[in-house]
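Observations on chain architecture
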Amino acid sequence: TALAWLPLQSGCRVRLGAMFRASDIFGKRGAGALTTVPAVQAGAAVKRTHSGGGAGPVNRVWDPATGKFYEEDVPADIQELMGLQKKAKVEHDASQDLQKAWQSPTPPKAAKVLGPSSVGLAAKGQAPAPQKRGLGPGGEVDRTAPSVEYRGFSKVDLDDRYFERAHVVIHARPTYWSSDGQFFIYWQGEVQRWSICDAASFPAVKAGQLPGWAYKEDHRHLCQANGWMEAWNGEWRSPDLEVMFRSSSHHKPQWEDPIVQKSVSTVEFHGFCMKELNTRYFLRLHQVIQGRPSFWDASGVYFIYWQQTAERWAICDLKCLDAVQSGQCPGWAYRSDRGHPANAGGWMESRHGEWVPAVLETTVIGTCQRGLKVEFSGFSKQDLNTEFTERPDEEIQGKPTYWESSGNYFVYWQQSMKRWAICDKISLQLAQSGLAPGWAYRKDSQHFTKANRWMEVWGKDWKDSIVVCTLLEGVVKDNTPMVKAELKEEAGGTQLSGRQYQTLVRRIYERKNPTKLPELEAIFERWTDKEPELFSNVCSKYGVDPDEAAMDLQQPGEEVPEESTPGVASVRAADAAGAEDGEDIYAHLEDAEVPHLKASEYAVLVQSLYEQHNPQKLADMGRLLRKYKARERELYLEVCKKYAVHPAKFHARQNDEQGMEGQMAEPA
């Protein structure tokens, strides 16, 4: 049979033969897909009558039995083999028109992290023209300016170094810009806090709005890692940050505010010619040198200390520690002013035998400190068996406080007693004034999370308690050196007055170095309010045992300093308080004896005597009451004799002050 090529409507050709049809090869189509057409005249186009009626490829088949041409669609699988894909027919669903009318014509966008625009903080619109990559308002960012760097944000774009731009001011404070100019830190004057925002929102900030990706919920310095909140996954959360605030010698002093100075606990130096000095120094609050806490490097060899006589900071090494503690001023570098050691400008160093200004960069480093959370158990007073959380910003007597959830009780440091105690909110002002009220106290100066040695109020007495302190959160960083829990009555331990310490120092110089006696008054003036440290330094310098020196303070028949033990005249004047025309209202008790009282009442009287004449001795109350158990009357008479107080008159006056006979207050 002769074969021929028939052009298809789509430009393809299919072999045809008199005995075969396309349906014989590709499979027969349905009845609706095949229709007859009249014979084609020469040169005339053939009209398509197949069911598709579209522009897809078709086969024209000659049927010799009828003498007519037939057209049929090429099946879809054959179109795929030929490289032609027939577009599928989709029926129109009118029910979807209403739904589509409420939908956006643009395709849905991928989910993204919550930002200022998502929470209604950011302004819409494109970034202004000056804020191109690496630029901010006013041009290039000055990378030599003071800067602050953050690490630890969940949005990693915020982890960057921000440089101060003193001429770009928001709410009377300079702004800090990232090196690429895409983010900046500004002061939100209306709410008094710092915030980090993207450069696209700068016009909104200038207009008075408060957009931001993160903000500092307190008003404190940027160097403090605590207090930041960031937007993440639809909510505000607190990140764990590390902050580094850098400044150089040519910058103005950055650390002159006394409040900000308290937040500086780690400082790092770069630029000293003596390479060993270029390291990090950590604050040791308990290691006081010449009146102020010192900073030490990690190795414990180099330290920054305050030179009391020169009134400046200096850097020295361990081999000179004894000389430094004795009041001398050696060092490898020193400040030329009284400024804080974290200030880069003002440092002097030795070069070629001459003291010259040092060209430095200092970095103040801060990290997030969650604070401690503890739980007590074992107290007889059930209110104390609860959780206490640290409040770093609420210090009492030099250390942070710890409060239970209701705010009725708190743990605080009693500086005069060198111990921790638990008190109630009613006595907060007394604790803040330096007194030592409380429901319970530790028997030593260790941190309250260590060991279990506590004394607590039991009726009108004190009793030992076995207390368990469970650490729930945080890390204990208290390095207070342990002080003996029980001190010798005769020596008074470290609980002496400033005048008594001066007397001890004078006696040491009389025996060891009389030539220094003319200089003592000047020394005492420099060490005002720091007499215990002076006494310790002098004992260390001349090899004197401090306890033995203190035991010699008040030997029998020896004159007692006027300040520490009042004379009889002053006591009798006190007894006459409230009298008219100088008459002693308790004169009728001159020959009377104190009545027999309960043990707890004698204890209250002894405590009152110490409160009035020697508050430092209150630390020994627990030991004294145990020593004089069942002999409390004897203890009271001895204390009255020591301070020249008439026992019967003092008892009567205390009763009158309480308002009724025999009603006495519990020991505080």
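Not measured: the values here are computed from a predicted model.

A few points about the pairing of strand β21 (residues 312-317)
Most of β21 is tucked away: five of the six residues are buried. Hairpin geometry of strand β20 (residues 302-307) and β21 is characterised by an intervening segment of four residues between the two adjacent antiparallel strands and by a positive phi of about 55° at Glu311. Note: β21 against strand β22 (residues 333-335), two bridges, orientation antiparallel. Across the sheet, residue Ile315 finds its bridge partner in β22, namely Ala333.

A look at helix α10 (residues 531-542)
Along its twelve residues, α10 runs 17 Å from first to last C-alpha, staying within 8% of the 16 Å computed at 1.5 Å per residue. Looking at α10, one finds that the buried residues are Glu531, Glu533, Leu534, Phe535, Asn537, Val538, Cys539 and Tyr542. Where α10 terminates, the next one or two residues include Gly543, which has phi positive at roughly 65°.

Here's the deal with the packing of helix α8 (residues 498-512) against α10
Viewed as axis vectors pointing N to C, α8 and α10 meet at an angle of 20°, and their least axial separation amounts to 9 Å. By the angle class used here, α8 and α10 are roughly parallel. Read as a crossing pair, α8 and α10 show a hand that is left-handed. Residue-level contacts link Gly498, Tyr501, Gln502, Leu504, Val505, Ile508, Tyr509 and Lys512 of α8 to Glu531, Pro532, Leu534, Phe535, Val538, Cys539 and Tyr542 of α10. Classifying every residue of the contact of α8 with α10 gives eleven nonpolar, two polar and two charged.

Digging into the environment of Ala225
With respect to the secondary-structure elements, Ala225 resides in the loop between β13 (214-216) and β14 (228-232). The exposure class assigned to Ala225 is buried, which follows from its relative accessible area of 3%. With 18 residues separating them along the chain, Ala225 and Val243 place their C-alpha atoms 5.8 Å apart.

Concerning the packing of helix α13 (residues 599-613) against helix α15 (residues 632-642)
Helices that pack against each other are described as a pair by the angle of their axes relative to one another and the distance between those axes. The geometry of α13 relative to α15 is characterised by a closest axis approach of 9 Å and an angle of 20° between their N-to-C directions. As summarised for this structure, α13 and α15 are arranged roughly parallel, according to the angle between their axes. Regarding α13 and α15, the two cross each other, and that crossing is left-handed. Across the interface between the two elements, Ala599, Tyr602, Leu605, Val606, Leu609 and Tyr610 of α13 pack against Glu632, Arg633, Leu635, Tyr636, Val639 and Cys640 of α15. Residues that form the contact of α13 with α15 fall into these classes: ten nonpolar, no polar and two charged.

Remarks on the confidence of the model for the protein
Considering every residue of the protein, the mean pLDDT works out to 76; 72% of them sit at 70 or more. For residues 554-581, every residue scores under 50 in pLDDT, and the model assigns this stretch 40 contacts once sequence neighbours within four places are set aside.

Considerations on the pattern of salt bridges
Applying the stated criterion across every chain yields a total of 21 salt bridges. Between Arg280 and Glu268 there is a salt bridge, and its shortest N-O distance comes to 2.7 Å. Taken as a pair, Arg280 in strand β18 (residues 280-289) and Glu268 in strand β17 (residues 266-270) lie far apart in primary sequence, twelve residues in all. Look at Arg280 and you get partly exposed, because its relative accessible area is 31%. With relative accessibility at 15%, the residue Glu268 sits in the buried group. Notably, a salt bridge pairs Glu634 with Arg631, separated by 2.9 Å at the nearest N-O pair. In this structure Glu634 comes out as partly exposed when scored by relative accessible area, which is 34%.

Comments concerning the sheet that holds strand β28 (residues 399-404)
The pairing of strands in a sheet comes from backbone hydrogen bonds and takes either a parallel or an antiparallel form. Reading across from one edge, β33-β32-β31-β30-β29-β28-β27-β26-β34 is the order of the nine strands in this open sheet, with antiparallel pairing throughout. Two strands bound the open sheet, and with one partner strand each, they are β33 (461-466) and β34 (468-473). Going across the sheet, the axis of each strand differs from the next one's by a mean of 30°, ignoring polarity. In this sheet, strand β32 (residues 453-458) lies alongside strand β31 (residues 440-442) in antiparallel orientation, the contact comprising three bridges. When the bridges of β32 are listed, Tyr441 appears paired with Met455.

Re the packing of aromatic side chains
According to the stated counting rule, one finds 37 aromatic pairs in the structure shown. Judged by centre distance (5.4 Å) and plane angle (75°), the rings of Tyr150 and Trp228 are edge-to-face. Residue Tyr150 is found in strand β8 (residues 147-151), and its partner Trp228 is found in strand β14; the two are separated by 78 residues along the sequence. A residue is classified by how much of its surface remains accessible, and Tyr150, at 0% relative accessible area, is buried. On the basis of relative accessibility, which here comes to 1%, the residue Trp228 falls in the buried class. Taken together, Phe376, Phe379, Phe388, Tyr402, Trp413, Trp420, Phe448 and Trp454 form an aromatic cluster joined through their ring pairs. Positioned above the aromatic ring of Tyr441 is the side chain of Arg419, whose terminal nitrogen or guanidinium carbon lies 3.7 Å from the ring centre.

Topic: α15
The complete set of buried residues in α15 reads Glu632, Arg633, Leu635, Tyr636, Val639 and Cys640. In an axial view of α15, the angular spread of the buried residues amounts to 160°, which keeps them on one side of the axis. One or two residues past the end of α15 sits Ala644, with phi positive at roughly 55°.

Looking at the environment of Cys223
On the secondary structure map, Cys223 appears in the loop between β13 and β14. Remark: the alpha-carbon pair of Cys223 and Thr367, spanning 144 residues in sequence, is separated by 9.0 Å. With residues up to four places along the chain from it excluded, the contact list for Cys223 reads Val243, Phe245, Trp255, Ser263 and Gly366.

Things to note about the pairing of β18
Inspection of the sheet shows β17 paired to β18 by three bridges, in the antiparallel sense. By the bridge assignment for β18, Glu268 is matched with Arg280. In this sheet, strand β19 (residues 292-297) lies alongside β18 in antiparallel orientation, the contact comprising six bridges. Across the sheet, the residue bridging to Tyr281 is Asp297, located in β19. Where β18 folds back on β19, the antiparallel hairpin that results is connected by two residues, among which Gln290 adopts a positive phi of roughly 50°.

Comments concerning unusual backbone geometry
The phi torsion of most residues other than glycine is negative, and most of the peptide bonds are trans. Residue Ala172 is not a glycine yet carries a positive backbone phi of 70°. The topology assignment puts Ala172 in the loop between β9 (161-170) and β10 (173-178). Despite not being glycine, Glu311 has its phi angle at roughly 55°, a positive value. For Glu311, the location among the structural elements is in the loop between β20 and β21. The partly exposed category is assigned to Glu311, whose relative accessible area is 40%.

What counts, and where the lines are drawn
- Residues numbered from 1 in each chain as written.
- Predicted model: local features only at pLDDT ≥ 70, side-chain atom pairs only at ≥ 80, totals over all residues.
- Heavy atoms only, no water.
- Buried < 20%, exposed > 50% of the residue type's maximum accessible area, 1.4 Å probe, protein only.
- Helix = DSSP H or I, 4+ residues; strand = E, 2+ residues; numbered from the N terminus.
- Pairing = 2+ DSSP bridges.
- Expected span 1.5 Å × (residues − 1).
- Axes fitted to C-alpha atoms, helices over the stretch in contact; angles between N-to-C directions.
- Parallel < 35°, antiparallel > 145°, perpendicular 65-115°, else oblique.
- Left-handed = near helix turned anticlockwise from the far one by under 90°.
- Contact = heavy atoms within 4.5 Å.
- Nonpolar A, V, L, I, M, F, W, Y, C, P; charged D, E, K, R; others polar.
- pLDDT = per-residue confidence, 0-100.
- Salt bridge = Lys/Arg side-chain N within 4 Å of Asp/Glu carboxyl O.
- Phe/Tyr/Trp six-rings, centres within 6.5 Å; stacked < 30°, edge-to-face > 60°.
- Lys NZ or Arg CZ within 6 Å of the ring centre and 35° of its normal.
- Arc of directions from axis to C-beta.

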